[in-house]
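Topology and contacts: notes
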Amino acid sequence: MEYKTEEEFLRHYDSSKFEKLSVTSDILILSVSDRKETNYRKLSTKHFSVLLVKRSDFPFKNKWCLPGGFMGIEETSLESAKRILKRETNLENIYLEQLYTFDDINRDPRMRIMSVSYMALVDQNRLLNKLSEEASWFDMTILESDKEINITFDNGNETFTVVVGKTLRELTTDRYEFSVVKNEHLAFDHPLVITSGIERLKNKIEYTDIVFNMMPEYFTLGELQQVYEVILGRKLLDPAFRRIISSKVEKTEKVKTGGGHRPSVLFKYKVKK
């Protein structure tokens, strides 16, 4: 049948002949948190953390996953991500960026479902006790070699490790393709989402201001350096670190005291004009 107008075409259009596809938004919520030292003369230890939710139903019942949900028919993927973030953390207006679309054919045993993943960076001090009951922060210990990334998750009550393989995909850009080698505790393909988000953050932290979304309003340079180091997984020489952040922070009149330390000058993020 030949149509003369678009309106006529749409009146006769039959969408039932196409297979249905469902879409979810999954949110990788990352933070760097303090762990108090027993030696009061030392700085509090920083831990790189991710928010996980325990599934209460099949599939993957009782396994941990990233906060997520199905996208509403009248939502964009970003609107869906913001709704899920508000539901899980009660936070709004925080840093949120789209990561990747995960669309492996068999990533969900229920039906054909693709995930548009997002990464959120938060300061845990803003969360207080507003997490959903099923949610828990897990500290991550990351060990990386040329071929694998081992991530150990620990929330104080439960500890487990996933292993993700890495294959160099683009020699000129040093980009990798990831695959699950070992995973018994995370649902779906969420080890790949977590790994991809961590790599994205590591790649952006030195040339953008992204890290300040995880910082309180005021901080010492020592605290800021610890955050860089725990994300990058390596120690930074003081001169190199100062060069990285010299244009990103500004000194304040405030001073941090107590805890057995000499008073330390507090800095804040230097807002770009």
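Please refer to the structure placed before this passage.
1. Some words on the pattern of salt bridges
Per the counting criterion, the structure on display carries 15 salt bridges. Residue Arg87 pairs with Glu88 through a salt bridge whose shortest N-O separation is 3.1 Å. With relative accessibility at 43%, the residue Arg87 sits in the partly exposed group. The exposure class of Glu88 is buried, given its relative accessible area of 6%. Arg107 serves as the salt-bridge partner of Asp189, at 2.8 Å between the closest nitrogen and oxygen. Within this pair, whereas Asp189 is found in the loop between β10 (175–182) and α3 (190–204), its partner Arg107 is found in the loop between β5 (95–102) and β6 (113–121), the two being separated by 82 residues in sequence. For Asp189, a relative accessible area of 9% puts it in the buried group.

2. Quick word on the packing of helix α4 (residues 221–232) against helix α5 (residues 238–245)
Where α4 meets α5, the axes come as close as 11 Å, and the angle between the chain directions of the two elements is 95°. Judged by the angle between their axes, α4 and α5 are roughly perpendicular. Residues Leu221, Leu224, Gln225 and Tyr228 of α4 form the contact with α5, whose own contacting residues are Asp238, Phe241, Arg242, Ile244 and Ile245. Tallied by class, the residues present in the contact of α4 with α5 amount to 6 nonpolar, 1 polar and 2 charged.

3. Description of the nonpolar core
In this structure, Leu30, Leu52, Phe153, Ile194 and Tyr228 are the most contacted members of the largest nonpolar core, which totals 46 residues. No other element matches α4, which puts 6 residues into this core. What Phe153 contacts, discounting residues up to four positions off in sequence, is Val50, Leu52, Phe138, Asp139, Met140, Glu158, Thr159, Phe160, Val162, Leu186 and Ile194. Counting 16 residues, the second-largest nonpolar core is a separate cluster that includes Ile27, Ile29, Tyr118 and Trp137.

4. Comments concerning α3
With 15 residues, α3 should reach 21 Å at 1.5 Å per residue; the first-to-last C-alpha distance of 21 Å fits that figure. With 14 of its 15 residues buried, α3 lies for the most part within the structure.

5. Looking at the side chain of Glu229
Relative to the helices and strands, Glu229 resides in helix α4. Classification of Glu229 by relative accessible area gives buried; the value is 11%. Beyond its immediate chain neighbours, meaning those up to four positions away, Glu229 contacts Arg234, Lys235 and Leu236.

6. Looking at the pairing of strand β8 (residues 148–154)
Across the two faces of β8 the burial differs, with Ile149, Ile151 and Phe153 buried and Glu148, Asn150, Thr152 and Asp154 not buried at all. Connecting the antiparallel pair strand β7 (residues 135–144) and β8 is a turn made up of 3 residues.

Calculation notes
Position numbers for residues count from 1 along each chain, tracking the sequence in the order it is written. Reporting of local features is limited, given that this is a predicted model, to residues whose pLDDT is at least 70; pairs of side-chain atoms are given and counted only at 80 or more, and all residues count toward the totals for whole chains, interfaces and linings. Hydrogens and water are ignored here; the side-chain numbers use all heavy atoms of the structure. Take a side-chain nitrogen of Lys or Arg and a carboxyl oxygen of Asp or Glu: if they are within 4 Å of each other, that pair is a salt bridge. Remark: exposure states derive from per-residue accessible area (1.4 Å probe, protein chains only) relative to the maximum for the residue type, with buried under 20%, exposed over 50%, and partly exposed in between. The secondary structure listing takes helices from DSSP runs of H or I that are at least 4 residues long and strands from runs of E that are at least 2 residues long, numbered from the N terminus. With axes taken as lines fitted to C-alpha atoms, and helix axes fitted only over the stretch in contact, angles between N-to-C directions fall between 0 and 180 degrees. Throughout, the term roughly parallel applies to angles under 35 degrees, roughly antiparallel to angles over 145, roughly perpendicular to angles from 65 to 115, and oblique to all others. Residue contacts are counted whenever heavy atoms from the two residues lie within 4.5 Å of one another. Residues are sorted three ways: Asp, Glu, Lys and Arg are charged, Ala, Val, Leu, Ile, Met, Phe, Trp, Tyr, Cys and Pro are nonpolar, and all the rest, Gly among them, are polar. The set of buried Ala, Val, Leu, Ile, Met, Phe, Trp, Tyr and Cys residues whose side-chain atoms join them within 4.5 Å is what this entry labels a nonpolar core. For a helix, the expected span equals 1.5 Å multiplied by the residue count minus one. Paired strands, as defined in this entry, are two strands with at least two bridges between them according to DSSP.

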